[in-house]
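Examination of the molecular architecture
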Amino acid sequence: METEEQARNRFQSELEFIQCLANPNYLNFLAQRGFLRERPFINYLKYLLYWKEPEYAKFLKYPHCLHMLELLQYEHFRKELVNAQCAKFIDEQQLLHWQHYSRKRTRLQQALAEQQLPQQPPPPHGNAPTK
């Protein structure tokens, strides 16, 4: 039986580890060291899928780590990560996504702000100035 302190430490350790999975260079490191071929480690990655549940996912600062966790369930992806070029490609794609997402989010926020501005009614027809 796990004590409350042990449960808290496990939660913090797993939270920290799962967020490291968002870093493709770290994934490349794990692959090159052979961790992604070891059955106990693969089982651990499967166990960590509980982080996809909303009551746990809300604690993630880097939610795209969940996508990497999902991809790590596939042997082909784990094998490809040994290649540094694969990690570099993923890193570049993440950067492009963040840049696009930031611009798109800014545009959406501006559009929402414009919609929330009070609409000014047009002046009444009877009081229009004459020339």
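Notes on the structure in this doc start here. (Residues numbered from 1 in each chain as written. Predicted model: local features only at pLDDT ≥ 70, side-chain atom pairs only at ≥ 80, totals over all residues. Heavy atoms only, no water.)

Buried within helix H2 (residues 24-32) are the following residues: Pro 24, Leu 27, Asn 28, Leu 30 and Ala 31. Each buried residue of H2 lies within a common arc of 160° when the element is viewed along its axis, so the set occupies one face. For H2, the N-terminal capping position is held by Asn 23, with its side-chain oxygen 2.8 Å away from the main-chain nitrogen of Asn 25. Remark: Gly 34 follows H2 within two positions and exhibits a positive phi of approximately 90°. (Buried < 20%, exposed > 50% of the residue type's maximum accessible area, 1.4 Å probe, protein only. Helix = DSSP H or I, 4+ residues; strand = E, 2+ residues; numbered from the N terminus. Arc of directions from axis to C-beta. Polar contact = N/O pair within 3.5 Å; in protein donor to acceptor, adjacent residues only side chain to side chain.)

We now examine the packing of aromatic side chains. Overall, the coordinates contain 12 aromatic pairs when judged by the stated rule. A ring pair is formed by Tyr 50 and Tyr 56, whose centres lie 4.8 Å apart and whose planes are at 85°; its orientation type is edge-to-face. Grouping aromatic residues by their ring pairs yields a cluster made of Phe 11, Phe 17, Tyr 26, Phe 29, Phe 35, Phe 41, Tyr 44, Tyr 47, Tyr 50, Trp 51, Tyr 56 and Phe 59. (Phe/Tyr/Trp six-rings, centres within 6.5 Å; stacked < 30°, edge-to-face > 60°.)

Turning our eyes to something else, we now look at the side chain of Arg 78. Along the chain, Arg 78 turns up in helix H6 (residues 75-80). In this structure Arg 78 is buried but unpaired, with Glu 75 as the nearest side chain of opposite charge at 5.1 Å. Here the side chain of Arg 78 touches Gln 73 through a polar contact of 3.3 Å, landing on its backbone oxygen. (Lys, Arg positive; Asp, Glu negative; His and termini not counted. Salt bridge = Lys/Arg side-chain N within 4 Å of Asp/Glu carboxyl O.)

This part covers the pattern of salt bridges. Throughout the structure, instances matching the rule amount to 5 salt bridges. The partner of Glu 4 in a salt bridge is Arg 8, and the shortest N-O contact between them spans 3.8 Å. On the criterion of helical spacing, the pair formed by Glu 4 and Arg 8 is a turn pair, its members being 4 residues apart in helix H1 (residues 4-20). Look at Glu 4 and you get exposed, because its relative accessible area is 64%. Arg 8 gets classed as partly exposed once you look at its relative accessible area, which sits at 42%. As a salt-bridge pair, Glu 70 and Lys 52 come within 2.5 Å of each other at their nearest N and O atoms. In this pair, Glu 70 sits in helix H5 (residues 65-71) while Lys 52 sits in the loop between helix H3 (39-47) and helix H4 (54-57), placing the two residues 18 residues apart along the sequence.

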